[in-house]
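Observations on the model geometry
In case you want the letters, here they are:
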Amino acid sequence: MGEERSVTRAYVLHPEVKSDNTRRHAASALEEGVALAQALPELEVVGSQVVSLPRMHPGMLFGKGKVQEIKDWLAEAEAGLVLIDGHVSPVQQRNLEKEWGVKLLDRTGLILEIFSDRARTREGVL
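Here goes a summary of the coordinates provided.

About the criteria used
Residues numbered from 1 in each chain as written. Predicted model: local features only at pLDDT ≥ 70, side-chain atom pairs only at ≥ 80, totals over all residues. Heavy atoms only, no water. Helix = DSSP H or I, 4+ residues; strand = E, 2+ residues; numbered from the N terminus. Rg over C-alpha atoms; globule rule 2.2 N^0.38 Å. 1 Å grid on protein atoms, 1.4 Å probe; cavity = no way out; pocket = protein on both sides within 12 Å on 5 of 7 lines; lining within 4 Å. Points joined across faces, edges and corners; volume = space filled by probe spheres on them. Buried < 20%, exposed > 50% of the residue type's maximum accessible area, 1.4 Å probe, protein only. Pairing = 2+ DSSP bridges. Axes fitted to C-alpha atoms, helices over the stretch in contact; angles between N-to-C directions. Parallel < 35°, antiparallel > 145°, perpendicular 65-115°, else oblique. Left-handed = near helix turned anticlockwise from the far one by under 90°. Contact = heavy atoms within 4.5 Å. Nonpolar A, V, L, I, M, F, W, Y, C, P; charged D, E, K, R; others polar.

Re the overall build of the protein
A count of helices and strands for the protein gives five helices and four strands. Secondary structure elements of the protein, listed N to C terminal, follow the sequence β-α-β-α-β-α-β-α-α. Relative to its length of 126 residues, the protein is compact, with a C-alpha radius of gyration of 15 Å against a globular reference of 14 Å. Principal axes of the C-alpha set define a box for the protein whose edges measure 50 × 30 × 25 Å.

Pasting the structure below:
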């Protein structure tokens, strides 16, 4: 008998930092982030959003008002995981997880999860 995997409801966010001149096109970057999330069979993407920011906030990535707005989106979508299509520092990750009450993965963490899920050898899993 096969092992049942529980499905995690995930919400994908793409922070578009207006002051970053090297930023990717927001809509296509979000689409790519959603596609990465869908590569994991135990994830169900229940929402996605581009979040425009004038600049990154060191402690939370987003400003207080935006953090609350996103918290409302997550509650409405009943999401248990947030995937941020970009880099999130450990401090930002901890603060946002505490504020939103959900697990958070950034782009690098998501890609590592995909590799881990597809690994077939013991060495690959490591």
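Comments concerning the layout of surface pockets
Estimates place the volume of the largest pocket at around 190 Å³. Every residue along the wall of the largest pocket is listed here: His14, Pro15, Val17, Asp20, Arg23, Arg24, Met56, Leu61, Asp85, Gly86 and His87. Considered as a void within the structure, the second largest pocket measures approximately 160 Å³ in volume. Lining the second largest pocket are Thr8, Leu40, Glu42, Leu43, Leu81, Lys103, Leu105 and Glu113.

Details of the pairing of strand β1 (residues 8-17)
Burial analysis of β1 places eight of its ten residues in the buried class, which makes it a mostly covered element. Summarising the sheet, β1 and strand β2 (residues 43-53) pair through ten bridges and their orientation is parallel. Bridge assignment links Arg9 to a residue of β2, and that residue is Glu44. Two elements, β1 and strand β3 (residues 81-84), share four bridges in a ladder whose sense is parallel. Of the residues in β3, the one forming a bridge with Tyr11 is Val82.

Quick word on the packing of helix α2 (residues 64-77) against helix α3 (residues 90-100)
As a packed pair, α2 and α3 sit with axes 10 Å apart at the nearest point and diverge in direction by 55°. With respect to their mutual orientation, α2 and α3 come out oblique. Crossing hand, α2 versus α3: right-handed. The segment α2 lies against α3, with Val67, Ile70, Lys71 and Leu74 engaging Leu96, Glu99 and Trp100. For the contact of α2 with α3, the residue count by class is five nonpolar, no polar and two charged.

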